[in-house]
Amino acid sequence: MATMSFDELNTRMRIFETAHDHRVLPGMFTVARLDGRGFTRLTKEVHRFEAPFDPRFRDLMVHTTRHLMQNTGLSFAYGHTHSDELSLLLLQAERSFGRKLRKWNSVLAGEASAAFSLALGHHAVLDCRISQMPQRQQVLDYFRWRQADAHRNALNAHCYWALRNEGMSQREATARLSGRSVGDKNELLFRRGINFNELPAWHKRGIGFWWEPYEKRGINPKTGEQAVATRRRLNEEALLPVGAQYDALVQERIDEAEASGD
């Protein structure tokens, strides 16, 4: 068999890497969702974070979300995190990596895993999946869905650990909550001195992130005169609204991002 040149071999083998390349279509809204792989064991057995919510774990997820929005080379209009997951809305005009889905998935998963692991000081993995949505309303529905999931998970988690702390086993606590309504679960907590409505908002709604402009004062190095420059910073909001007000917040983030072209 004749020896192929490097260029011939490269062309032949690249086909196997790129045969299934898919690109995000123009004009699509794109949301990346990442969540922890094996985080139940990591947080309950290896590091024993406080249950059901630990500010230290929250801060790790906040750190990871901020890292992705600031350091991946991708541009985002909005970010949200709750529990062990985070969601990022990419700009419609994002062109990085030729809009290849496999690159966006791998870059985001790799960067998130590295950022979280370094901050924790222990090996951790987050995976990524990307949703393409043709309509703006679907984006609003998506983030409403994730916030509703945060609320449901928070209620279940507080109920479960209230029962576990009374001595119930995993199986007993799970069975006790099976089929219970939202009202029943709120009553269960209330009887134990916990008013679910008064718990921290980030337990129930997650935390949102978006870019905001601000004015920075300084000295013009050429003229020596005072000058004001417009910069941007990543805003972090732990008191997110709900319902239609939350839709309006996300809608405004999309409008601002499209207007600025960031």
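Now for a description of the structure that goes with this document. (Residues numbered from 1 in each chain as written. Predicted model: local features only at pLDDT ≥ 70, side-chain atom pairs only at ≥ 80, totals over all residues. Heavy atoms only, no water.)

Looking at the overall build of the protein
Under the convention used in this document: Labels follow the DSSP assignment, with helices taken as runs of H or I lasting at least four residues and strands as runs of E lasting at least two, numbered in each case from the N terminus. Think of it in three bands: with a 1.4 Å probe and only protein chains considered, a residue is buried below 20% of the maximum accessible area for its type, exposed above 50%, and partly exposed in between. Whether two residues are in contact is decided by their heavy atoms: any pair within 4.5 Å suffices. For the area figures, the Shrake-Rupley method with a 1.4 Å probe applies, and any residue is considered shielded solely by the protein chains shown.
When its secondary structure is counted, the protein shows nine helices and six strands. Based on the C-alpha atoms only, the size of the protein along its principal axes is roughly 70 × 70 × 40 Å. Looking at the protein as a whole, 40% of its 262 residues qualify as buried. For the protein, long-range pairs separated by at least 24 residues make up 69% of all intrachain contacts whose partners lie at least 6 apart in sequence. For the protein, the computed accessible surface area is about 15,200 Å², with 49% contributed by carbon and sulfur atoms.

Observations concerning the sheet that holds strand β3 (residues 85-90)
Rules: In short, DSSP must find at least two bridges between two strands for them to pair. Whenever a helix is involved, its axis is fitted only over the stretch in contact; in every case the axis is a line through C-alpha atoms, and angles between N-to-C directions fall within 0 to 180 degrees.
Taken in spatial order, the six strands make up an open sheet running β4-β1-β3-β2-β5-β6, and their pairing is antiparallel. In this open sheet, the two edge strands, each paired with only one partner strand, are β4 (125-133) and β6 (226-237). Across the sheet, the axes of successive neighbouring strands diverge by a mean angle of 25°, strand direction being ignored. As defined by bridge partners, strand β1 (residues 29-37) adjoins β3 across six bridges and the pair is classed as antiparallel. Residue pairing across strands places Ala32 opposite Leu88, the latter belonging to β3.

Side note on the nonpolar core
For soluble globular proteins, nonpolar side chains are generally found buried alongside one another. Rule in force here: Residues belong to a common nonpolar core when they are buried Ala, Val, Leu, Ile, Met, Phe, Trp, Tyr or Cys residues joined through side-chain atoms within 4.5 Å.
In terms of nonpolar packing, the biggest core is built from 47 residues, with Leu34, Leu88, Leu108 and Phe116 touching the most fellow members. By residue number, the principal contributor to this core is helix α4 (residues 101-120), which donates seven residues. When sequence neighbours within four positions are dropped, the list of residues in contact with Leu34 reads Leu68, Asp84, Glu85, Leu86, Leu88, Leu108, Ala109, Ala112, Leu126, Asp127 and Cys128. Judged by nonpolar contacts, the second largest core, of 18 residues, contains Leu89, Leu240, Leu249 and Ile254.

Describing a nonpolar patch on the surface
What counts here: The patches described consist of residues with a relative accessible area above 30% and no salt bridge, like charges being joined within 9 Å and nonpolar side chains (Val, Leu, Ile, Met, Phe, Trp, Tyr) within 5 Å. A pair is scored as a salt bridge if a Lys or Arg side-chain nitrogen falls within 4 Å of a carboxyl oxygen belonging to Asp or Glu.
Where nonpolar side chains cluster on the molecular surface, the patch consists of Leu9, Met13, Ile15 and Phe16 and spans about 430 Å² of accessible area. For Phe16, the position within the fold is in helix α1 (residues 6-18). Judged by its relative accessible area of 64%, Phe16 is exposed.

Remarks on the packing of helix α5 (residues 136-164) against helix α9 (residues 243-260)
Rule in force here: For this classification, under 35 degrees means roughly parallel, over 145 means roughly antiparallel, 65 to 115 means roughly perpendicular, and everything else is oblique. By definition, any crossing whose near helix is turned counterclockwise from its far helix by less than a right angle is left-handed, and any crossing with a clockwise turn is right-handed.
Close contact between α5 and α9 brings their axes to 10 Å; oriented N to C, the two are set at 130°. Here α5 lies oblique to α9, going by the angle between them. In this structure, the crossing between α5 and α9 has a hand that is right-handed. Contacts between α5 and α9 involve Arg136, Val139, Leu140, Phe143, Arg144 and Gln147 from the former and Gly243, Ala244, Tyr246, Asp247, Val250, Gln251, Ile254, Asp255 and Glu258 from the latter.

Concerning the packing of α5 against helix α6 (residues 170-177)
Helix packing for two helices is described by the angle between their axes and how far apart those axes are. It is the contact of α5 with α6, at a shortest axis distance of 9 Å, that shows an interaxial angle of 130°. Compared by their axis directions, α5 and α6 come out oblique. Crossing geometry of α5 relative to α6 is assigned as right-handed. Taking contact as the criterion, the partners of Asn156, Cys159, Tyr160, Leu163 and Arg164 in α5 are, on α6, Gln170, Ala173, Thr174, Arg176 and Leu177.

Points about the side chain of Thr65
Keep this limit in mind: We define a polar contact as two N or O atoms separated by no more than 3.5 Å, with the added condition that, inside protein, one atom must be a possible hydrogen donor and the other a possible acceptor, whereas residues neighbouring each other in sequence contribute only through side-chain atom pairs.
Mapped onto the secondary structure, Thr65 falls in helix α3 (residues 55-71). Residue classification places Thr65 among the buried residues on the basis of a relative accessible area of 0%. A distance of 2.8 Å separates a polar atom in the side chain of Thr65 from the backbone oxygen of Met61. Look past the residues within four positions of Thr65 in its chain and what remains in contact with it is Thr81, Leu86, Leu88 and Phe209.

Quick word on unusual backbone geometry
Trans is the prevailing form of peptide bonds, just as negative phi is the prevailing case for residues other than glycine. For the bond from Ala51 to Pro52, the omega torsion is 5°, close enough to zero to count as cis. Counting through the fold element by element, Pro52 comes out in the loop between α2 (39-46) and α3. Of note in the backbone geometry, Arg48 takes a positive phi value of approximately 50° without being a glycine. Tracing the sequence through the fold places Arg48 in the loop between α2 and α3. Here Arg48 falls in the exposed class, since its relative accessible area comes to 63%.

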